[in-house]
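Observations on the three-dimensional arrangement
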Amino acid sequence: MPIIVLKTYIHSPVKRCFDLSRSIDLHKISTEQTKEEAIAGTVSGLIGLNETVTWKANHLGFKQTLSTIITEFNSPDLFVDEMLSGVFKRFRHEHHFKNKNGVTLMLDHFDYTSPFGLIGKIADHLFLKRYMTSLLIKRNKTIKEFAESNKWKEVLL
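This section reports on the structure supplied with the text. Worth saying up front: this structure is predicted, and the values here are computed from it rather than measured.

1. Description of helix H1 (residues 14–21)
Counting buried residues in H1 gives 6 out of 8 residues, a clear majority hidden from the surface. Looking at H1, one finds that the buried residues are Val 14, Cys 17, Phe 18, Asp 19, Leu 20 and Ser 21.

2. Regarding the pairing of strand S3 (residues 52–59)
Bridging between strand S2 (residues 37–41) and S3 involves 4 bridges; their strand directions are antiparallel. The residue of S3 that forms the bridge with Ala 40 is Thr 54. Relative to strand S4 (residues 62–74), S3 is paired through 8 bridges, and the arrangement is antiparallel. What sits directly across from Thr 54, in S4, is Ser 67.

3. Digging into the nonpolar core
The biggest cluster of nonpolar side chains holds 20 residues, and the ones touching the most others in it are Ile 10, Leu 20, Ile 24, Leu 26, Val 53, Phe 97 and Ile 143. Of all elements in the fold, only H1, helix H2 (24–30), S3 and helix H3 (117–147) reach the threshold of two or more residues within this core. Setting aside residues up to four positions removed in sequence, Val 53 forms contacts with Ile 24, Ala 38, Ala 40, Thr 42, Ile 47, Leu 66, Ser 67 and Thr 68. The next biggest cluster of nonpolar side chains, apart from the first, holds 11 residues, and it includes Leu 6, Met 83, Leu 135 and Leu 136.

4. Details of the packing of H1 against H3
The axes of two packed helices give the description: the angle between them and the distance between them. Contact geometry for H1 and H3: axes closest at 10 Å, N-to-C directions at 135 degrees. Judged by the angle between their axes, H1 and H3 are oblique. Seen along the crossing, H1 lies across H3 with a hand that is right-handed. On the side of H1, the interface is formed by Arg 16, Cys 17, Leu 20 and Ser 21, while H3 contributes Arg 139, Ile 143, Phe 146 and Ala 147. Partitioning the contact of H1 with H3 into residue classes produces 5 nonpolar, 1 polar and 2 charged.

5. Some remarks on the pairing of strand S5 (residues 78–85)
Of the strand pairs in this sheet, S4 and S5 are connected by 7 bridges, and their pairing is antiparallel. Looking at S5, one finds that Ser 67 is bridged to Ser 85. In this antiparallel pair of consecutive strands, S4 and S5, the connection spans 3 residues. Bridge count for S5 against strand S6 (residues 90–100) is 5 bridges, and the pairing is antiparallel.

6. What to know about the packing of aromatic side chains
On inspection of all chains with the given rule, the structure shows 9 aromatic pairs. Residues Phe 18 and Phe 79 carry aromatic rings whose centres are separated by 5.5 Å and whose planes lie at 90 degrees to one another, so their mutual orientation is edge-to-face. A residue pair is termed long-range when its members are at least 10 positions apart, and Phe 18 in helix H1 and Phe 79 in strand S5 qualify at 61 residues. Assigned by exposure class, Phe 18 and Phe 79 land together as buried. Geometrically, the ring pair formed by Phe 110 and Tyr 112 is tilted, given 5.6 Å between the ring centres and 40 degrees between the ring planes. The two residues Phe 110 and Tyr 112 agree in class, both being buried. By way of ring pairs, the aromatic residues Phe 18, Phe 73, Phe 79 and Phe 97 are connected into one cluster.

Rules of the game
- Residues numbered from 1 in each chain as written.
- Predicted model: local features only at pLDDT ≥ 70, side-chain atom pairs only at ≥ 80, totals over all residues.
- Heavy atoms only, no water.
- Buried < 20%, exposed > 50% of the residue type's maximum accessible area, 1.4 Å probe, protein only.
- Helix = DSSP H or I, 4+ residues; strand = E, 2+ residues; numbered from the N terminus.
- Pairing = 2+ DSSP bridges.
- Core = buried A, V, L, I, M, F, W, Y, C linked by side-chain atoms within 4.5 Å.
- Contact = heavy atoms within 4.5 Å.
- Axes fitted to C-alpha atoms, helices over the stretch in contact; angles between N-to-C directions.
- Parallel < 35°, antiparallel > 145°, perpendicular 65-115°, else oblique.
- Left-handed = near helix turned anticlockwise from the far one by under 90°.
- Nonpolar A, V, L, I, M, F, W, Y, C, P; charged D, E, K, R; others polar.
- Phe/Tyr/Trp six-rings, centres within 6.5 Å; stacked < 30°, edge-to-face > 60°.

Rendered as structure tokens:
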């Protein structure tokens, strides 16, 4: 069970970072390279507690569908999305937000289990954990870019 933990410091209010992180529209922008498209559930705007979204995307050369649900929500400190269906055996992504002397600390805790038993564990070691880390870093860079400029208004207003 690989766990990816990322810390991102953003010079922007916690609430703005929290809302950008749960924005379906910003998620689409941050994953342009995988052509992610929200096809069911909450397909635009901000996702909230007990809401679902189904994504269609192209990852590692394969077309995939992934459905998640928001299982915990405490604005603006925490929300958690968990997989309902998709290629992983399971995943849980915790999004934590804290004000640290006027700077937002955004902490991602992504805990997942790959499918296919031993083959999945080998894939984790060879490339999958690195691939997932890269996707999350790209997403966080996009959140930071939007939060620290006026671009946030494109998706939150």
